[in-house]
Amino acid sequence: MAVIEISKLTKHFGKIHAVDGLCLKIDEGEVFGLLGPNGAGKTTTIKMLATLLAPTSGRATVNGFDIAKSPSKVRQSIGIVFQEPSSDELLSGYENLKLHSMIYGLPGGLVEKRIDDALALVELSDRRNDLVKTYSGGMRRRLEIARGLLHQPKVLFLDEPTLGLDPRGRKTMWGYVKRLVAELNMTILLTTHYMEEADELAGRICVIDNGKAVAVDSPGALKAKVGGDLVTITSSPLPDLKSLTKLKFVRGAEMTDGRLLITVSDAAANLQELLAKIGKVECVEVRSPTLNDVFIKFTGRELEQAEGGWFDKIVQQSVNKQ
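Just so you know, these numbers come straight off a predicted model, no measurement behind them.

A word on helix H3 (residues 93-104). The end-to-end C-alpha distance of H3, which contains 12 residues, comes to 17 Å, matching closely the 16 Å that a straight helix rising 1.5 Å per residue would cover. Within H3 the residues assigned to the buried category are Gly93, Tyr94, Asn96, Leu97, His100 and Ser101. End-on, the buried residues of H3 take up no more than an arc of 160 degrees, which puts them together on one face. Opposite the buried face of H3, by more than 90 degrees, sit the exposed residues Met102 and Ile103.

Dropping the structure here:
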């Protein structure tokens, strides 16, 4: 059953289309990832679903409630962890959660148990009385997840949940996200520009670029669409590409930065024949497809090259007017 339904959702900032006709369905208990560069429209989408931004057009429902017609019902159904830290560092972890339990209007008899349970889930019980300013970046993110769970929402929005964390902190955070799904059957919509994060956590991914959904499927299915193993070859002289594409196991070949990028079915079985066809080879690299290869396939450029997006366009327009 779909917990989130999005139909032709758009958000325009003047002439900039931050989100452009987005259509998605996200099921109960699913971890769904929005993968794309900074400025692709991921955070704007989250803000519309959380009723923090009004859409320009289209519609969406969260837990059965229309984001435009029933915003208070939507807010009661969701928890959200923002991209930027939002906990009060001059309060303790416990005091932060106590304050937000009052904002949520939790019944007095439930508050202490909810706080205890939330802190235990993110393993911060032993630091509950410490000021948040003494927490590490990863601990602050975990506290904000705990805060978002106090009212037991059906849906949790995680906007770049590991932004600014080191690799160890990122993997620790992944563990907590998995626990939320396993223990609470929670539906999670996360945004990220980390390919390994989307690959690790999301059952399905929407690759989003310039506000548009360019591909939606499981990470494995998306990588399968790249068409096989990727073989990168440096050779001199370079062979004729047409002769390579005639090989039955070669699904595609192109020249990139003076190197050959060849898509091959079952490279382990066919690499020797491929190299014999090329002749003198200076360097060869074989790897399985990644989500960056998926992004290249559907957008024509690497994820890192796509950084910027609509926000930078607005900034540039402002500069040009000065």
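Even without being glycine, Gln152 reaches a positive phi, approximately 50 degrees. Looking at the element boundaries, Gln152 is found in the loop between helix H5 (137-149) and strand S7 (155-159). The phi angle at Asp266 is positive, at roughly 55 degrees, despite the residue not being glycine. For Asp266, the location among the structural elements is in the loop between strand S13 (259-264) and helix H10 (267-278). Looking at Asp266, the relative accessible area reads 47%, which means it is partly exposed.

Two elements, strand S1 (residues 2-13) and strand S2 (residues 16-27), share 8 bridges in a ladder whose sense is antiparallel. Residue pairing in the sheet places Lys11 in a bridge with Val19 of S2. Between the antiparallel neighbours S1 and S2 lie 2 residues, among them Gly14 with a positive phi of about 65 degrees. Relative to strand S4 (residues 57-62), S1 runs antiparallel, the two sharing 5 bridges. When the sheet's bridge partners are listed, Ser7 is paired in S4 with Arg59.

Before going further, it helps to examine the pattern of salt bridges. All told, the structure shown has 20 salt bridges when counted by the stated rule. Note that Asp20 and Lys212 form a salt bridge whose closest N and O atoms lie 2.9 Å from each other. Within this pair, whereas Asp20 is found in strand S2, its partner Lys212 is found in strand S10 (residues 212-217), the two being separated by 192 residues in sequence. Residue Lys212 is classed as partly exposed on the basis of its relative accessible area, which comes to 41%. The closest approach of N and O atoms between Arg287 and Asp293, which form a salt bridge, is 2.7 Å. Relative accessible area serves as the criterion here: at 28%, Arg287 is assigned to the partly exposed category. If you follow the salt bridges from partner to partner, you end up with Glu123, Arg179 and Glu183 in one network.

What follows is about the packing of aromatic side chains. Applying the stated rule across the entire model yields 0 aromatic pairs. Lying over the aromatic face of Phe13, Lys11 brings its terminal NZ or CZ to 5.6 Å of the ring centre. In this structure, Arg170 packs its charged tip against the face of Tyr194, placed 3.9 Å from the ring centre.

About the thresholds
- Residues numbered from 1 in each chain as written.
- Predicted model: local features only at pLDDT ≥ 70, side-chain atom pairs only at ≥ 80, totals over all residues.
- Heavy atoms only, no water.
- Helix = DSSP H or I, 4+ residues; strand = E, 2+ residues; numbered from the N terminus.
- Expected span 1.5 Å × (residues − 1).
- Buried < 20%, exposed > 50% of the residue type's maximum accessible area, 1.4 Å probe, protein only.
- Arc of directions from axis to C-beta.
- Pairing = 2+ DSSP bridges.
- Salt bridge = Lys/Arg side-chain N within 4 Å of Asp/Glu carboxyl O.
- Phe/Tyr/Trp six-rings, centres within 6.5 Å; stacked < 30°, edge-to-face > 60°.
- Lys NZ or Arg CZ within 6 Å of the ring centre and 35° of its normal.

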